[in-house]
Amino acid sequence: MNFINPISVLVTITFIMGLLFLNKKRTNALELFLTLMFSFCLELICVFFLNHKKNINLLYSVGFILHFYFWLGIICNVFKISKQKKNILSIFLLFCLINLIFIEKLNLNYLTFIFGSLLYILIFLIECSKKLKNEELVLFSSNNFILIIAPILFFIGFTFIFGFRNSTLRFFKVYNQIDFYTVICYFVNIIYYFLINLYIYKEYKLKNAN
């Protein structure tokens, strides 16, 4: 119980919401559910490892790879770029393997997270620009748009933390013993899981309406 925190609770609640209300027959919903299931399982395994004083760096490094693999798949599906999807996922996986084997190895793979974040945000900006240029505005009012913006602040927040991990700014006390890292961590996670739950809720309403 010492290792269970509000983020773990958020992960669990969101996983249960996805389990109960997501329509797994839809590709995006299925991939989101797999993401949530993986995050939930990762939390459980991490709690077990920490209770037994085991190192969780490799566990989280693999977690980064799978997490971004699912999200990159989702954003490619939403923007209907199936031809580029295989190339994008292949480039990402190749970078992850090189980083895991030759660069950061068994240390926490910060570069994997940063690269995955930048790749996701780049795809988002390029494809959104194309939609705006062609005046294809339907996506921006759709539930799928909520889905693809859900992880953006999460990615930006942790990219900032990992990018400046050796900076004293990370340990700056914002209030009492609460440091800057903790504030960003909780803030981006709350927004992330709020938007995912909003997507699940709206998908459920659309399913019932149909």
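Structure report, in brief. (Residues numbered from 1 in each chain as written. Predicted model: local features only at pLDDT ≥ 70, side-chain atom pairs only at ≥ 80, totals over all residues. Heavy atoms only, no water.)

**Quick word on the packing of helix α3 (residues 57–78) against helix α7 (residues 152–163)**
Each packed pair of helices is defined by two parameters, the angle between the axes and the distance between the axes.
Thinking step 1. Between α3 and α7, whose axes approach to 14 Å, the crossing angle comes to 150 degrees. Crossing of α3 against α7: the hand is left-handed. Contact residues: Phe64, His67, Phe68 and Trp71 in α3; Phe154, Phe155 and Phe162 in α7.
Thinking step 2. Among the residues forming the contact of α3 with α7, the class breakdown is six nonpolar, one polar and no charged. (Axes fitted to C-alpha atoms, helices over the stretch in contact; angles between N-to-C directions. Helix = DSSP H or I, 4+ residues; strand = E, 2+ residues; numbered from the N terminus. Left-handed = near helix turned anticlockwise from the far one by under 90°. Contact = heavy atoms within 4.5 Å. Nonpolar A, V, L, I, M, F, W, Y, C, P; charged D, E, K, R; others polar.)

**Some details on the nonpolar core**
Thinking step 1. Of all hydrophobic cores here, the largest spans 54 residues; its most connected members are Leu32, Trp71 and Ile196.
Thinking step 2. With residues near it in sequence (within four places) discarded, Leu32 still touches Leu22, Trp71, Ile74, Leu147, Ile196, Tyr199 and Ile200. (Core = buried A, V, L, I, M, F, W, Y, C linked by side-chain atoms within 4.5 Å. Buried < 20%, exposed > 50% of the residue type's maximum accessible area, 1.4 Å probe, protein only.)

**A word on the environment of Val174**
Thinking step 1. Following the sequence through the fold, Val174 ends up in strand β1 (residues 173–175).
Thinking step 2. Taking the relative accessible area as the measure of exposure, Val174 reaches 44% and is therefore partly exposed.
Thinking step 3. Look past the residues within four positions of Val174 in its chain and what remains in contact with it is Asp179, Phe180 and Val183.

**Remarks on the pattern of salt bridges**
Thinking step 1. If you walk through the whole model with that rule in mind, you get four salt bridges.
Thinking step 2. Linking Arg26 and Glu203 is a salt bridge whose minimum nitrogen-to-oxygen distance equals 3.0 Å. One end of the pair, Arg26, is in the loop between α1 (6–21) and α2 (27–51); the other, Glu203, is in helix α8 (residues 180–209), with 177 residues separating them in the sequence.
Thinking step 3. Assessed through its relative accessible area of 7%, Glu203 is described here as buried.
Thinking step 4. The residue Lys131 makes a salt bridge to Glu136 at a minimum N-O spacing of 3.2 Å. (Salt bridge = Lys/Arg side-chain N within 4 Å of Asp/Glu carboxyl O.)

**A short note on helix α4 (residues 82–103)**
Thinking step 1. Relative to the 32 Å expected for 22 residues at 1.5 Å per residue, α4 spans 31 Å between its end C-alpha atoms, a close match to the ideal helical length.
Thinking step 2. For α4, the set of buried residues is Lys85, Ile88, Leu89, Phe92, Cys96 and Asn99. Viewed end-on, α4 has its buried residues packed into an arc of 95 degrees, placing them on one side of the element. Seen from the open side of α4, the exposed residues pointing more than 90 degrees away from its buried face are Lys83, Lys86, Ile91, Leu94 and Phe102.
Thinking step 3. Just beyond α4, the residue with positive phi is Lys105, at close to 50 degrees. (Expected span 1.5 Å × (residues − 1). Arc of directions from axis to C-beta.)

**As for the state of the cysteines**
A covalent bond between the sulfur atoms of two cysteines is referred to as a disulfide.
Thinking step 1. Overall, the coordinates contain zero disulfides when judged by the stated rule.
Thinking step 2. Counting only cysteine sulfurs, Cys46 is the nearest neighbor of Cys41, a cysteine outside any disulfide, at a range of 11 Å.
Thinking step 3. Of all cysteine sulfurs in the structure, the one in Cys46 sits closest to Cys185, which takes part in no disulfide; the separation is 13 Å.
Thinking step 4. Taking the relative accessible area as the measure of exposure, Cys185 reaches 13% and is therefore buried. (Disulfide = S-S within 2.5 Å.)

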